[in-house]
Amino acid sequence: MIRIYGMDTCPDCTYIKEQVKGNSQYEIIDIGQHVKNLKEFLKLRDYLDIFDEVKKIGGVGIPCFVLEDGRVTLSPEEAGLHSRPIEEGASCNIDGSGC
């Protein structure tokens, strides 16, 4: 099962959530729903190098995918999904550059 960390208020996350609706190969973990979920995500974000660039630009690093082999990625494509098209516009970064 692929675990997906995200939030319902993130446009990129809601785009991913629609793709996996009803698919038991994916588990959505909303980091805004419970502090336990947030702590699980922060444990990944605080210690994995793949988040370094995201943190430098003020991003959160969601959606985040934990693949079945344990690898962590920020790429929907590596999880068998599609990224939200840039032309859809909405973003959650303060500067409007993305999520």
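Structure shown above.
Within each chain, residue numbers correspond to sequence positions counted from 1 in written order. Per-residue local features are limited, in this predicted model, to residues with pLDDT of at least 70; the limit for side-chain atom pairs, both in listing and counting, is 80 or more; totals at the level of whole chains, interfaces and linings are taken over all residues. The side-chain values count all of the structure's non-hydrogen atoms but skip hydrogen atoms and water molecules.

Visitor: Kindly report on the overall build of the chain, identifying the contributing residues and their values.
Guide: Scanning the chain from N- to C-terminus turns up 3 helices and 4 strands. Numbering of helices and strands starts at the N terminus; helices are DSSP runs of H or I of at least 4 residues and strands are runs of E of at least 2. Going from N to C terminus, the chain has its helices and strands arranged as β-α-β-α-α-β-β. Buried residues are those whose accessible area, probed at 1.4 Å on protein chains only, stays under 20% of the maximum for their type, while exposed residues exceed 50% and partly exposed ones sit between those limits. Here the chain, with 99 residues, has 37% of them falling under the buried criterion. In the chain, the proportion of contacts linking residues at least 24 apart, taken out of those at least 6 apart, comes to 52%. Entry remark: accessible area of the chain is about 6,200 Å², with carbon and sulfur atoms responsible for 53%. Throughout, a contact is declared for two residues whenever any of their heavy atoms are within 4.5 Å. Values of accessible area rely on a 1.4 Å probe in the Shrake-Rupley scheme; residue burial ignores everything except the protein chains shown.

Visitor: Talk me through a nonpolar patch on the surface; I want residue IDs and the actual numbers.
Guide: Taken together, Val-35, Leu-38 and Leu-42 make up a surface patch of nonpolar side chains, about 210 Å² in accessible area. Looking at the element boundaries, Leu-42 is found in helix H2 (residues 35–47). Patch building starts from residues that exceed 30% relative accessible area and form no salt bridge, then joins like charges within 9 Å and nonpolar side chains (Val, Leu, Ile, Met, Phe, Trp, Tyr) within 5 Å. Here, a salt bridge means any side-chain nitrogen of Lys or Arg that lies within 4 Å of a carboxyl oxygen of Asp or Glu.

Visitor: Account for helix H1 (residues 11–20), with residues named and values stated.
Guide: All of the buried residues in H1 are Pro-11, Cys-13, Ile-16 and Val-20. Contact partners of the buried residues in H1: strand E1 (2–6), strand E2 (26–30) and strand E3 (64–66). Positive backbone phi, approximately 80°, marks Gly-22, located one or two places after H1.

Visitor: Quick one: what's the story with the sheet that holds E2, residue by residue and with numbers?
Guide: When DSSP finds at least two bridges between two strands, those strands are taken to pair. Read across the open sheet, the 4 strands follow the order E2-E1-E3-E4; overall the sheet is mixed. Each having just a single partner strand, E2 and strand E4 (72–73) make up the two edges of the open sheet. In this structure, E1 lies alongside E3, joined through 3 bridges in antiparallel fashion. Bridge pairing in E3 places Arg-3 opposite Val-66. Taken strand by strand, H2 contacts E1, E2, E3 and E4, and its axis lies near 100° from that of E1. Only C-alpha atoms enter the line fits that serve as axes; for helices the fit covers just the stretch in contact. Angles between N-to-C directions range over 0 to 180 degrees.

Visitor: Residue-level account of the pattern of salt bridges, with values.
Guide: For the structure on display, the rule yields 9 salt bridges. For Glu-27, the salt bridge identified is with Arg-3, shortest N-O distance 3.4 Å. With Glu-27 in strand E2 and Arg-3 in strand E1, this pair connects stretches of sequence that are 24 residues apart. Taking relative accessible area as the criterion, Glu-27 reaches 30% and is therefore assigned partly exposed. Note that Lys-17 is salt-bridged to Asp-8, the shortest N-O span being 3.0 Å.

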